[in-house]
Structures are given as C-alpha cells and as structure tokens.
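Structure assessment
Okay, here's what each chain looks like letter by letter:
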Amino acid sequence: MKNAKFIALALLFHGAAGWLSPVYARPGEAVAHQSVNQTVKATGTVVDETGEPMIGVTVVVKGTQTAAVTDLDGKFSLSLPTGKNMLEFSYIGYENITVKAGNGMKVVMKPESNAVDEVVVIGYGTQKKRDLTGAISSVKADDIKQAPVMNAMEGLQGKISGLDITRTSGQAGSSPEILLRGNRSLNASSAPLFVIDGVAGGDIDDINPNDIESIDVLKDASSTAIYGSAGANGVIIVTTKQGKTGKLQVDFNGYLGINAFPQYPETYSGEAWINYLREGFVAREGREPDDLSELFNAAGLSEGAVQAYNDNKWINWRDEILNTGMQQNYSISLRGGSENVKGYMSMGYQQEKGLYKNDQMNQITFRAGTTFKMNDIVSVGFQSTLTYRDQDKRNSRLSKSLNYLPLGDVYNEDGSLKQRPIDDMDSYINIMADDQPNAYKNNVKRTSINIAPFIEIKPFKGLTFKSLLNANLTHGRTGLWDGLDTFMKLSGSSDNKRIASYNQSNYWNYTWQNILTYGLDLGNHSLTLTGITEYQRSKTEGLLGSNEQFEFDGFLWYNLKGGLIPQVESSYKETAKMSYALRGAWNYMGKYLFSASIRWDGASQLYDKWCAFPAFSAGWRISEEKFMQGTRSWLDNLKLRVGYGVTGNANISPYVTSTAVTTSDGAINLGTGRLQTYILAQNVANNSLTWEKSYNWNYGLDITVLNNRIDASIEYYSTDTKGVLYNRPLPTALGLYNAKNTYYKMSNIARIKNKGVEITINTRNIDTKNFKWNSTFTYAKNKEQLKEINLGNDVSAESLIALNLFMGQPVNTIYGYKKLGIWQLGQEDQAACFGSVPGDVHLATPGLTWDPEYTYTREETEKNEAGETVPVTKTYNGAYYKEGENGEREYFTRDHTYAISANDKMILGHKTPDWTLGFSNQFIYKNFDLSIMCSMRWG
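Sequence order as written defines residue numbering, which begins from 1 separately in each chain. Local features in this predicted model are restricted to residues of pLDDT 70 or higher, and side-chain atom pairs are both shown and tallied only at a pLDDT of 80 or more, whereas totals for entire chains, interfaces and linings draw on every residue. Side-chain calculation: all heavy atoms of the structure are included, whereas hydrogens and water are not.

If you check an unreviewed UniProt entry, the protein appears there as SusC/RagA family TonB-linked outer membrane protein from Xylanibacter caecicola. According to UniProt, the comment filed for the protein under the heading Sequence similarities (unreviewed entry) is "Belongs to the TonB-dependent receptor family." UniProt positions are given in the numbering used here, feature names are shortened, and annotations may be inferred rather than shown by experiment.

Right, here's the structure in full:
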C-alpha cells in the first residue's frame, strides 16, 4: 500500500489524504479497504464494439469498494467478497454495464452513441439531452482540443450556431470578443456570463483548454433566467475535468504552432516605388519629370536618400516590422481515486509570441480538486485554481509602412537599431524605434487565486443539498515606460518628455451558493424541484502613480520619485447581489416535458434594487408517440420545443444612483496655503434607475435519424429588450461639467430587438473500425435593431448621429464617408465636378447622379503656337446633378463644384454580422486525426 499512499498524497492538495487515504487498483489486480473472506475469483477480457481489447476499463464489484482495472490486453482479475456476484464496468465515452460475475468472461462495451442520452449541464444542475426544453448547445473536450488555441472559446468558433467569436486584436494574449444572439444593451456589457464549475462570473482566460471537460451554451431566456440578471446575454457553462474512480491516470498534452503569413499589402520598393513617385509628379505637374534628380527633389529627398538609392539600400518596412510569431501550450494532469476519494491536479504553461517584437504573453496555470465521500450521506471537497500571467504589449506602426520612405539602413553595423535610416534626414525616423532598449515598455502582470470548498448532503433518496463557497483574489499590475527614443517622441508627434506610470489593482470576490434538489420518480411521471440561494460580493481597489520629465531611462517605472511632475490617483468600487430562485421540471412518459422557474435578484448598483425573472418551457417528443411507430426504423428522435423567459441586466457602474463629489483639477490659495476644491462628479444621480429587461421567445425543433448518424436542431427566437440602460448627455442648459463636456445621467430610455434563426447539423459520415469521418455544420442569422430611444423632444436626428445612434439599425453601426478609391485617368470630367483631379480620393455621393448628356461651356485660357496666353471657349460633356423636391435639377460642373459635407456620410455597415456559418470536419484513422474547420461572417 505504500505506492497507493504516495499517489494519494500527490492528488490530495495540501496533504488532505492524511486523514482519509484512498485505495487504488493496479492493472489486473483487486484491492479492498478491509479484510474479507474472498472465496470466488472473476476473470475476463473487456473489448470495444469492434472487438479490440480496451485498456483502463474500471471493474467494480457492485456494492463494494473492490475494484480492478483492465491491463494492456483488456484483461482483469479480482476476488469477489462473500455474497457479491455482480460487476460494474465503466469507461469514459462508453455506457456503464452491469453483468453477473464469472470466470473467463468476455464483456463488450458499447459507446455512448445516442446523442439524446448525453448529459448536458444546465443552470444549477444537469439533464439528459432528450429531456431538454431550452436552447442549449454542448461541446465536449475532444472537440475543444481539435483547435490549437490559447483561449478555449476560440476553439468553438463556427461550432455553435448563434455564438459569434472574433479576435479583435492580433496582440499576443488578447481575448476574443464573444456575442450571443446580438447586442441587447447600449452601455452595459453584452458579453455572456461564464459559469465555471458551478460558480458564476469566472474568467475563461484563467483556464487551460486541456483542463476543460465540456462547454454548454445556454442561449434562450427559458434556460438562462435561472441566473436572473446575470444571464441576460446568455450563459456559457464550463465544466473542468474532475477526479474519477480508478487507477492513477497521467495525461500530457502539448502543441507548438506558429503565427505567420498575415495578409497585409506589400510595401513599395525599387522600381515600383519610383513609378509611384512618378505618377504623383505627373498628377501634380501635368507632365513627366525631366530626370530622376527632378523627381527626387520634388519628393523632398536629401542627398543621403539619393545616395541610398544609388547604393541600392531598399527597405521593406512591412517585412522588417512583422516577425514569425509562435504559440505553445503544455499541460500535465493526474487524476484517479477510489469510491470514497477522487482527486485531480494539473499544471499548464502557455506562451504566445506575436508578430511584433516585444509582443508576448506567458501564462502558468495550476488546478487541483478533491472529493471525499465521508459516508453514504455526506461528501465534501474543493476546487482551486492559480493563474499567473506576464504580458508585454507594444504599439503598432504597421500602417506607417504603406507610405514610408523605403530607403536607408534599418540597423547600425553593430546590429542595433538605427534611429534615422538616412543620416541627413532628421524627420525620417525608424518605424521600429520603440524596440530600442529602454525606449518603450508596457508590461502587465496578473495573479489570480480561486478556491471553492463545498459540502454535499444526501439524507435520503432523491434529496440533495449542496453548499458551495467560492472565493477569488486577483492582483494586477501594469507598468508603463515611455522614453525619449520612441517613434512618437522622435517624430515630434508627442511631447518630448519621459513618462512612467505604475497602475495596481486588487479584486476580491466571494460567492456563497446553496442548492436544494429533490427528484421524485413515480413511474410514468418524474418531477425535479430545485431551490437556490446565492449571495455575491465584490470589491475593487485601484492605485495609479505616475511621473514625468525623468533624467534617465534605465529605471523604467521602478523609480517614480525621479520625475518632476508626480501624480497619484486611487479608486474603490464595491457591489453586492442577493438572489433566490425556484425551478420545477416535470416529465411524463419521456414524451411531454415542462419546466418553469423564477428568480429574484437584488443588485446594489440600482435604485429599484429587486426584480423577478420568470421563465417556462415545454417540449413534446413526437417520436415517442404511438402514431410514429412506423418511423422507428429511421427516426431516432423528433422533439418540438417552446420557451419564454425574462432576464435582466445591471452591469453598470455601482454608483450611478448617487451624485458624488470629486476633486477638481486645480486648487485655490486663500492666503493660508493651497486649498483643494471640489465639484460634482460628471454623472448625475438617477433615483428611478431600474433593471434593463429582455423578453425572449424561443421555438426549437430537434431531429435525429439513421441510428444517430445525423442529428439537427433548428431554432427561431425573438428578444425584445426594454428599459435599455444608456448614459445620456444632459442638455447644456442644465450646466456644464467643464468647458468641453456636459453632465451625464444613466437612464432606462431605449429599446432593442433581436430576432433570428439558427441551424446545427451533426453527421457521422463514415464510422468504421479504423476510419471515422464526422462533420458539423452551423448557420445563424440575426437581425438587430435599435427601436426606441428617448433623449427628449428637442433631440434631432443629427444629435442621434453624433451619438452614433441610428434608429432601425444595429447598436454598433459604422457611419462615415464611403471611399470608392481614387479618381482614375479618364475620369477627369467627373473629378472636376468636385474640384478634384485623378489621384485624389473618390468619395461616394448618394444624392448625386451623373448625366453624360449634359453639355456646358467654359471660358479658359491656353497658350497658342507663339507661346502667348489667349482666351478660349471650351465645351465639356457630362455633369453631376441633385434633384430637388419638385423635380428641379441642380448641376455641378467645373464652375459650380460640389462640396463634400457631413450630409454625404452614410451607414457603411455594423460590427455584428448579418449571418455566420461554420463547417468543421474531423477525420480519424487509427491513432491519427485531422481536423479542418472554416467559419464565415457576413454583414
């Protein structure tokens, strides 16, 4: 037993095994907690559906703790205690089997191929997929690991319909932006709620993808209303890997990939750049340059630049700026246990290097969890997480490379960066100047500790009580150094002074959750009742110290007193929420399903603090009806679902219901010294501020056919969000906060509607012993509209446009001038109507129409053969016109040009797509697999 005790100590965090040591079975052997009279031996072989031996199948004598694990040949052997003759066989991904013990047994395990029998995690519980009445999508660990990504959510891109996942930044370590079924808010966050191992509000960035067992996405309000205000934007439930009964299992996962081949325009160099200068010269002067000397002089090139041209010293700035990035992820985990004690522990290391130098992220994660079964009634355990992240950020200068001088030397002879690629051009600064030692550094360090102990009590069959306390502490630090040798300073684009800052934040959060569940099975009827209480409290403290005009570079932000203009700021925020919830689920004969819930939330940041969020849903498994018996040979499941629910949102600043006093920028001197002055904060209190509510209907159809080879789901939903929170600017007549800014007031004044359709199709195209081919197709279309906003009767459409608000359009609408390119040669007549020439920017003018038949004359001058300037009358064909209300036309010509104004701006698009599509394929041949995934976003 020495080896067993050592394993227990490794698994049970902080030496918890000292008071309850588990028992493990070696392959092919049996062990027990106590000495018994073992008289009968059971032996046999376990194989899969293809007849191949299965390694690591757990074999347990039913009703005891006697266990064995199959060896490399799938064989097992164990002794049966007196009076026990039933064996239980279990393996992940296969159905549990209970058979009578014997000698020389052959046990065939069956895979869990029936999709409707999969267990899905719902709010505060689990449910079989066949019994679901809400819109819920699930992804298992194998699907998550297919995509080699740093953030697990990026691995879901294109796999869950309605879930829009985009990475808005190419910066190393940046998190993806996640949106589920469109935006529902203007000022409050539209990101879905993450629930990690039952605790709401977790950070998916702290979880190594290799530690995840499953991800379940709750889409409609009938599923998310049990989370009340927190579930307004959808809920993503992450379940991590836990300990399991059986021998110690050690897993190692690792991958190494590259970030390369960015799609960015090629920069000009060589003859292409000379032609670029020549075309510009012709456009300005109306003639070809006499020689290269005239061309270079016109471009403002110095003698050093001309010499660099003669020496063939070309620079491809795009290639100089961009590097080949790299990402790697390694994790090792241990898990195992007995019937009484199960443990899991893992450690992971992630690194990502971006396309820029000094753009990188390193992260270390550690997770540990244990469950102790004290007796048949009480179980206790805990889950813990430790995450450390070190990230370096830098500014991007890639856009500069498109029109930057491609001549000179990037590096000095010693390999260091050359600040000025051409010595006699002081204004020509190396784009990569920030990469010089101690020129610029932006470093972020973050440490997060999370621990969640729990107790679970099952006093009698059907009743379960679980109490969980989750505590989280996160410390963050951002150090910023902006020296004199950065690109912005050397180019004169920012003040020539050294700046350093040190920003520190501490975040505390704890959640106390109590769940009481009672399940009653009455034959054809089954009933599950759940009661929940939850209390959350969080605090955030911030401290920012900065200084300017340092004398030296080497101290970075570690010597703030070395500057001449010190500044110190501090901040504090605290929020609290109390919740109560009830839910009931009824199932009749597996055909008629009904669920209803109600949750009451009280949030400290609102004036009207309490609100109720009801929901209900129903399902009809049509395939189980007698009149569908003729379809049983090909139809496995056909279910119709409908759901309705109300959710809320209160993700706003905690102090918008009170008018605060803050320090002003200046101080006064009354003769006795400086006296700090105070003014009202910019946000004015709103004593009627209440919940932002979303009212959602969802209709769904699930179908599975051909012995579970094809399963599909179709969803149609409509969400009407009322009382949308918006931080409205107050009229200037009520006063100004300062010379440039008005006061603001958070109010419930808008309405947003979303409606759409989602389709998911999973197929098992080929399923043989050695080769498998699975496919997943997803499609989602969403229409998002701002339907109402009440800023007062005197607010014009122009005022809404200034606030980037457009009635009937999505929330994040892009508005501006539409650039069609540049005016081309041959378009001189059209360009002249705008006072432009070929080479100038060509903007779309939606109110104008080109009339090629219009003719007009113009008095001009030109030189005759004698070189004298003489007047001439020229005739031109074609002009733009704008039609008035009464049909009259106003023409714009060379003499009467059209002036581009703000009226020519238009809606160019929006950040949320009109539709998304995903298609993924997985090919498995023996021990090799290949995954191909693609996703599309349109609109």
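Still more ground to cover, so stick around.
Assigned secondary structure in the protein consists of 10 helices and 45 strands. Reported as C-alpha extents along the three principal axes, the dimensions of the protein are approximately 125 × 75 × 75 Å. Note on classification: 1.4 Å probe, protein chains only; a residue is buried when its accessible area is under 20% of the maximum for its type, exposed when over 50%, partly exposed between these limits. Going through the 939 residues of the protein one by one, you find that 45% of them count as buried. Residue contacts follow a heavy-atom distance rule, with two residues in contact if any of their heavy atoms lie within 4.5 Å. When contacts within the protein are restricted to residue pairs at least 6 apart in sequence, long-range pairs at least 24 apart make up 65% of them. Areas reported here follow the Shrake-Rupley algorithm with a probe of radius 1.4 Å; residue values treat only the protein chains shown as occluding. In the structure as shown, the protein presents an accessible area of about 47,200 Å², 52% of it carried by carbon and sulfur atoms. Between the centroid of the 93 positive side chains of the protein and the centroid of its 99 negative side chains there is a distance of 12 Å. The secondary structure listing takes helices from DSSP runs of H or I that are at least 4 residues long and strands from runs of E that are at least 2 residues long, numbered from the N terminus. For the charge count, each Lys or Arg is scored as positive and each Asp or Glu as negative, with His and the chain ends excluded. The location of each charge is read from NZ of Lys, CZ of Arg, CG of Asp or CD of Glu.

With that settled, the discussion passes to the sheet that holds strand β41 (residues 869–883). Spatial ordering of the open sheet is given by β40-β41-β42, a layout of three strands whose pairing is antiparallel. Each of the sheet's edge strands pairs with one partner strand only, and the pair in question is β40 (849–863) and β42 (889–892). Between one strand axis and the next, the sheet turns through 30° on average, direction left out of account. Note on pairing: two strands pair once DSSP finds at least 2 bridges between them. By the bridge criterion, 12 bridges tie β40 to β41 in an arrangement that is antiparallel. Across the sheet, the residue bridging to Y856 is Y876, located in β41. In this analysis an axis means a line fitted to C-alpha atoms, helices contributing only their contacting stretch, and an angle means the value between N-to-C directions, from 0 to 180 degrees.

Moving on: the pattern of salt bridges. Oppositely charged side chains may form a pair once their charged atoms are brought near each other. What counts as a salt bridge is simple: a side-chain nitrogen of Lys or Arg found within 4 Å of a carboxyl oxygen of Asp or Glu. Counted by the stated rule, this structure contains 44 salt bridges. Measuring nitrogen to oxygen at the nearest pair gives 3.7 Å for the salt bridge that ties R167 to E154. With R167 in the loop between β11 (163–166) and β12 (177–180) and E154 in the loop between α2 (141–145) and β11, this residue pair connects regions lying 13 residues apart in the sequence. Between R181 and E758 there is a salt bridge; the shortest N-O distance is 2.9 Å.

Another aspect to go through is the UniProt feature "domain: TonB-dependent receptor plug" (unreviewed entry) in the protein. The feature "domain: TonB-dependent receptor plug" (unreviewed entry), as annotated in UniProt, sits at residues 128–235 in this numbering. Strand forms 26% of residues 128–235 and helix 8%; the C-alpha atoms that close the span are 18 Å apart.

A few words on the sheet that holds strand β16 (residues 235–240). Read across the sheet, five strands follow the order β10-β15-β16-β13-β14 without closing on themselves; strand pairing throughout is mixed. Each edge of the sheet is formed by a strand with only one pairing partner; in this case those strands are β10 (136–140) and β14 (199–200). Looking at chain direction, strand β15 (residues 212–218) and β16 are connected through six bridges and run antiparallel. In the sheet register, L218 faces β16, and the bridge partner there is V235.

Quick look at a positive patch on the surface now. Side chains of K755, K781, K783 and K787 sit close together on the surface and give a patch of like positive charge. Per-element accounting of the positive patch gives the leading share, three residues, to strand β36 (residues 771–789). Along the chain, K787 turns up in strand β36. Here a patch means residues that are over 30% exposed by relative accessible area and free of salt bridges, tied together within 9 Å if like-charged and within 5 Å if nonpolar (Val, Leu, Ile, Met, Phe, Trp, Tyr).

What follows is about the side chain of D205. With respect to the element layout, D205 can be found in the loop between β14 and β15. Buried D205, no salt bridge; nearest opposite-charge side chain is R389, N-O distance 4.7 Å. The contact partners of D205, leaving out residues within four places of it in the chain, are N151, S175, Q363 and R389.

For N708, which is not glycine, the phi dihedral falls at a positive 65°. When you line up the elements, N708 lands in the loop between β33 (692–705) and β34 (710–729). The class of N708 is buried, set by a relative accessible area of 8%. If you check the backbone angles, N804 has positive phi at about 60° while not being a glycine. With respect to the helices and strands, N804 occurs in the loop between α9 (797–802) and β37 (813–816). A relative accessible area of 32% places N804 in the partly exposed class.

In this section: the side chain of D392. Tracing the sequence through the fold places D392 in strand β21 (residues 378–393). Of the polar contacts made by the side chain of D392, one reaches the side chain of N443; its length is 2.8 Å. Discounting chain neighbours no more than four positions away, the residues touching D392 are N358, D359, Q360, K441, N442 and N443. In the analysis that follows, any N or O atom pair within 3.5 Å is treated as a polar contact, provided that within protein one partner can donate a hydrogen and the other can accept it, and provided that, for residues neighboring in sequence, both atoms belong to side chains.

This paragraph deals with the pairing of β11. Where burial is concerned, the two faces of β11 agree: the one with L163 and I165 and the one with D164 and T166 are both buried. Across four bridges, the pairing between β11 and β12 is antiparallel. From the neighbouring strand, D164 faces β12, where its bridge partner is L179.

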